[in-house]
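Survey of secondary and tertiary structure
One-letter residues, chain by chain:
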Amino acid sequence: MLSKGTEQALNKLSEFFSDIEILSLSGNFCTDKKPAAINWIEGRGKSVVCEATVPGSIVTTLLKTTVHSLVELNTSKNLIGSAMAGSIGGFNAHAANIVTAIFIACGQDPAQNVGSSNCITLMEPSGPDGKDLYISCTMPSIEVGTVGGGTVLRPQAACLDMLGVRGANKETPGENSSRLAQVVCATVMAGELSLMSALAAGHLVRSHLKHNRSSVNLAPCAPN
């Protein structure tokens, strides 16, 4: 839609300035489908912050780790490690995994995963005695829509229906896409908590080996 509007604006300018030379509809300052500091700093599409406080008892019994271990790991891995790598917007464990999955399921442009996965995950002790975990994910450039494109495909439309965000919101224009962006960010945060807990507890490789699809007993293929 922005491309359509830009093209109309350029055509209108051509009517007033006959010597204007249009080189391209896009000059790459957008910046679309490419890593860029401008999208990380100024945002693009939807900017969302999701946060939660997880009781210490849940961290210990369900996530099999401790608040201290998670906070220390997040600082060392997601913050210091990413900074040492020169990352732009990659201060997270695996936001791109979640973003890509939702984008494909909900008819979004998978290539927009590049900018939409910009995310910084923060963790710190919380509560009166610091035994609970505060976690937040900040995603400044989630590029989603609920009208047109892949959203008209039946499987993807069904997923949007399940989330209650299919099509345009007639009462509050833009509300459905905003809600979808919130779903993306919240799911990313859940994924961050899960993976970071597995890493802190030393369960990552073990769980991959256990649940690897190649190890599942599948029916033998029919001979050619």
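Scroll up a little and you will see the structure.
Notes on the structure follow. All values derive from a computational prediction rather than experimental measurement.

Topic: the pairing of strand 4 (residues 132–142)
Within strand 4, eight of the eleven residues are buried, which leaves the element mostly enclosed by the surrounding structure. As defined by bridge partners, strand 1 (residues 46–54) adjoins strand 4 across eight bridges and the pair is classed as antiparallel. Within the sheet, the bridge partner assigned to V54 lies in strand 4 and is L133. Pairing analysis gives seven bridges linking strand 3 (residues 119–126) to strand 4, with the strands arranged antiparallel. Looking at the pairing, T121 lines up with C137 of strand 4. Here strand 3 hands over to strand 4 after five residues, with G127 in that stretch at a positive phi of 90°.

Concerning the packing of helix 4 (residues 67–84) against helix 8 (residues 175–201)
Interhelical geometry of helix 4 versus helix 8 gives an angle of 100° and a closest axis separation of 10 Å. It follows from the interaxial angle that helix 4 and helix 8 lie roughly perpendicular. Of helix 8, the residues touching helix 4 (which contributes S69, L70, L73, N74, K77 and N78) are E192, L193, M196, S197, L199 and A200. Of the residues that constitute the contact of helix 4 with helix 8, the class distribution is six nonpolar, four polar and two charged.

Notes on the layout of surface pockets
Space inside the largest pocket adds up to approximately 1,100 Å³. Taken together, 36 residues form the lining of the largest pocket, with M1, L2, Q112, V144 and G145 sitting closest to its centre. If you list the elements that add at least two residues to the lining of the largest pocket, you get helix 1 (2–16) and helix 8. Tallied by class, residues from the lining of the largest pocket come to ten nonpolar, 20 polar and six charged.

Overview of helix 4
Residues spaced three or four apart along an α-helix point in a common direction, a consequence of the helix completing one turn every 3.6 residues. The terminal C-alpha atoms of helix 4 lie 24 Å apart, and with 18 residues this matches the ideal 26 Å at 1.5 Å per residue to within 8%. The axis of helix 4 is deflected most strongly, by about 25°, at N74. Along helix 4, the positions that sit buried rather than exposed are V67, L70, V71, N74, N78 and S82. G86, located one to two residues past helix 4, shows a positive phi value of around 75°.

Describing the sheet that holds strand 3
In any sheet, the strands associate via hydrogen bonds between backbone groups, in a parallel or an antiparallel arrangement. Strand order in the open sheet formed by four strands is 1-4-3-2, and the pairing between neighbours is mixed. Edge strands, defined here as strands with exactly one partner in the open sheet, are strand 1 and strand 2 (90–91). The strands that helix 4 touches are strand 2, strand 3 and strand 4; relative to strand 3, the one it contacts most, it runs at about 150°. Packed onto the sheet, helix 8 meets strand 1, strand 3 and strand 4 and runs at close to 135° relative to strand 4.

Some words on the packing of helix 5 (residues 95–105) against helix 8
Helix 8 packs onto helix 5 with a crossing angle of 140° between their chain directions and a minimal axis gap of 9 Å. Classed by the angle they form, the pair helix 5 and helix 8 counts as oblique. For the element pair helix 5 and helix 8, the recorded crossing hand is right-handed. Within the contact between the two elements, helix 5 uses A95, I98, V99, I102 and F103 and helix 8 uses V183, V184, T187, V188, G191 and E192.

Remarks on the environment of F103
One can find F103 in helix 5. When its relative accessible area of 1% is taken as the criterion, F103 is described as buried. In this structure, the C-alpha to C-alpha distance between F103 and E143, residues 40 residues apart in sequence, is 9.6 Å. Ignoring sequence-local partners within four residues, the contact set of F103 consists of Q108, D109, P110, Q112, N113, S116, E143, V144 and V184.

Re the environment of L122
Counting through the fold element by element, L122 comes out in strand 3. Classification of L122 as partly exposed rests on a relative accessible area of 35%. Counting along the chain gives 67 residues from L122 to P55, while the straight-line C-alpha distance between them is 16 Å. Apart from the residues within four sequence positions on either side, L122 is in contact with N74, L79, Y134, I135 and S136.

Rules of the game
- Residue indices begin from 1 for each chain and proceed along its sequence in written order.
- Selection of residues for local features in this predicted model requires a pLDDT of at least 70, selection of side-chain atom pairs for listing and counting requires 80 or more, and totals for whole chains, interfaces and linings are taken over all residues.
- Computation of side-chain values: all heavy atoms of the structure, hydrogens and water removed.
- Each residue gets one of three labels from its accessible area relative to the maximum for its type: buried under 20%, exposed over 50%, partly exposed in between, using a 1.4 Å probe on protein chains only.
- By the criteria applied, helices consist of DSSP H or I runs no shorter than four residues and strands consist of E runs no shorter than two, each listed in order from the N terminus.
- Pairing between strands requires that DSSP locate at least two bridges from one strand to the other.
- Fitting a line to C-alpha atoms yields each axis, with helices limited to the stretch in contact; the angle taken between N-to-C directions then spans 0 to 180 degrees.
- Convention used here: angles under 35 degrees read as roughly parallel, angles over 145 as roughly antiparallel, angles from 65 to 115 as roughly perpendicular, and any remaining angle as oblique.
- The contact definition used throughout considers only heavy atoms, calling two residues in contact when any of these lie within 4.5 Å.
- Each residue gets one of three labels, nonpolar for Ala, Val, Leu, Ile, Met, Phe, Trp, Tyr, Cys and Pro, charged for Asp, Glu, Lys and Arg, and polar for the others, Gly among them.
- A 1.4 Å probe that fits but cannot get out identifies a cavity on a 1 Å grid over protein atoms alone, an open set with protein on both sides within 12 Å along at least five of seven lines counts as a pocket, and a residue lines either if it has an atom within 4 Å of a point.
- Grid points are joined across faces, edges and corners, and a volume is the space filled by probe spheres set on the points.
- Given the number of residues in a helix, its expected span is that number minus one, multiplied by 1.5 Å.
- Bend at a residue means the angle formed by two fitted axes: the first through the 7 residues ending at that position, the second through the 7 residues beginning there.
- Crossing handedness follows the turn of the near helix against the far one: under a right angle anticlockwise gives a left-handed crossing, and clockwise gives a right-handed one.

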